Amino acid sequence: MTIMLIALVLAGGSGPFAKAPDLTAGHKAIKFTATDVRGKTVHFPSDFKGKIVLLDFWATWCGPCMGEVPNVVNTYKAMHRNGFEILGISLDNSQTRKSVGRVTKAKGMTWDQVSDGKYWEAAVAKLYGVVSIPQAYIVNGTTGVIVAEGDGIRGENLLPAVQKALNAASRK
């Protein structure tokens, strides 16, 4: 009886061993509502219909994240007019969260940022099972489908991945 219950839980039931959602390309992104750092409510992905969105998990204290920033900013500048958006999800804690606005301004990160100051317990990060950063997903804002994720959208791979997503979305 116990083994059957464990099998049911592992097969996708509720509880601590429930099956995590598949967040690979071709699957739906997890919908959420959050408040950005300016106090605006963000409904993801529904607020981004007609757009290709980079959902970018990062923090000001994360060296690799800050190393990705110039590439992300350049991709945003090159592709924003074509329908590319970014929603940043900062994993800064209650102390470092105060620097998010300063850092984003200084680095030219002009897109919306969500930051609840809860570090690794950040609500959206927990929803997505984030255990390391930087972590990002390219999502079709109209369909809510993840079109790319992982190392395939880091560094010099980001721009061509965004271009491919925008081209695919325009053909539909």
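Owing to the predicted nature of the structure, the values given are computational and were not obtained by experimental measurement.

Here the focus is the confidence of the model for the protein. Detailed reading of the predicted coordinates is not advisable wherever pLDDT falls low. Residue-level pLDDT values for the protein average 89, and 88% of them are 70 or greater. Overall, residues 1-15 carries pLDDT values under 50, and its contacts beyond four positions in sequence, including any with other chains, amount to ten contacts.

By size, the foremost hydrophobic cluster in this structure holds 51 residues, and its most contacted members are Phe 44, Phe 57, Leu 87, Tyr 128 and Ile 138. With seven residues, the single largest contributor to this core is helix H2 (residues 63-79). Not counting chain neighbours up to four residues away, the residues in contact with Tyr 128 comprise Leu 23, Ala 29, Ile 30, Phe 32, Phe 44, Leu 55, Phe 57, Gln 135 and Tyr 137.

Quick look at unusual backbone geometry now. Phe 44 connects to Pro 45 through a cis peptide bond whose omega is 0 degrees. For Pro 45, the location among the structural elements is in the loop between strand E2 (41-44) and strand E3 (52-58). Positive phi, close to 60 degrees, is recorded for Tyr 119, a residue that is not glycine.

The next thing to look at is the state of the cysteines. The full count for this structure, using the stated rule, is one disulfide. With a sulfur-sulfur separation of 2.4 Å, Cys 62 is cross-linked through a disulfide to Cys 65. On the S-S bond that ties Cys 62 to Cys 65, the torsion sits near 75 degrees, and the link is right-handed. Cys 65 matches Cys 62 in its accessibility class, with the two residues each being buried.

Our focus in this paragraph is the sheet that holds E3. Here five strands make up an open sheet; going across it, the order is E5-E4-E3-E6-E7 and the pairing mixed. Each having just a single partner strand, strand E5 (112-114) and strand E7 (146-149) make up the two edges of the open sheet. Strand-to-strand, the axes of this sheet are offset by a mean angle of 20 degrees, without reference to chain direction. As paired strands, strand E4 (residues 84-90) and E5 are joined by three bridges and run parallel to one another. Across the sheet, Leu 87 pairs through a bridge with Asp 112, a residue of E5. Relative to the sheet, helix H3 (residues 100-107) contacts E3, E4 and E5, its axis offset from that of E3 by approximately 125 degrees. Against the sheet, helix H5 (residues 158-170) makes contact with E3, E4, strand E6 (135-140) and E7, and its axis sits at roughly 20 degrees relative to E6, the strand it touches most.

Here the focus is the packing of aromatic side chains. Tallied over the entire structure, the rule returns eleven aromatic pairs. Here Trp 61 and Trp 120 contribute two aromatic rings whose centre-to-centre distance is 6.0 Å and whose plane-to-plane angle is 65 degrees, an arrangement assigned as edge-to-face. Separated by 59 residues along the polypeptide, Trp 61 in the loop between E3 and H2 and Trp 120 in the loop between E5 and helix H4 (123-127) bring together distant segments of the chain. These aromatic residues form a ring-pair network of at least three members: Phe 32, Phe 44, Phe 48, Phe 57, Tyr 128 and Tyr 137.

Okay, the side chain of Asp 112 next. Looking at where Asp 112 falls in the secondary structure, it is placed in strand E5. In terms of polar contacts, Asp 112 uses its side chain to reach the side chain of Lys 40, at 2.8 Å. If sequence neighbours within four positions are ignored, Asp 112 has contacts with Asp 36, Arg 38, Lys 40, Ile 86, Leu 87 and Gly 88.

What follows concerns the environment of Val 103. Residue placement: Val 103 occurs in helix H3. Residue contacts for Val 103: discarding those within four places in its chain leaves Trp 58, Thr 60 and Met 66.

Calculation criteria
- Here, residues in each chain are numbered from 1, in the same order as that chain's written sequence.
- Confidence filtering applies because this is a predicted model: local features only for residues at pLDDT of at least 70, side-chain atom pairs given and counted only at 80 or more, and all residues used for totals across whole chains, interfaces and linings.
- The side-chain numbers reported here are obtained from all heavy atoms of the structure, hydrogens and water having been left aside.
- The pLDDT value expresses, per residue, how confident the predictor is, ranging between 0 and 100.
- Throughout, a residue-residue contact means that at least one pair of heavy atoms, one from each residue, lies within 4.5 Å.
- Only buried residues count toward a nonpolar core, which is a set of Ala, Val, Leu, Ile, Met, Phe, Trp, Tyr and Cys residues joined through side-chain atoms within 4.5 Å.
- Only protein chains enter the accessibility calculation, which uses a 1.4 Å probe; a residue whose area is less than 20% of its type maximum is buried, one above 50% is exposed, and one in between is partly exposed.
- In this text, helices come from DSSP runs of H or I with a minimum length of four residues, and strands from runs of E with a minimum of two, each type numbered from the N-terminal end.
- Two cysteine sulfur atoms form a disulfide, by the criterion used here, when they sit within 2.5 Å.
- In this scheme, strands are said to pair when DSSP sees at least two bridges between them.
- The angle between two axes is taken between their N-to-C directions and runs from 0 to 180 degrees, where each axis is a line fitted to C-alpha atoms and a helix contributes only its stretch in contact.
- Ring pairs are drawn from Phe, Tyr and Trp, using the six-membered ring of Trp, whenever the two centres fall within 6.5 Å, and their geometry is named by plane angle: stacked under 30 degrees, edge-to-face over 60, tilted for the rest.
- Nitrogen and oxygen atoms within 3.5 Å of one another constitute a polar contact, given that in protein one can donate a hydrogen and the other can accept it, and given that sequence-neighbouring residues count only through two side-chain atoms.

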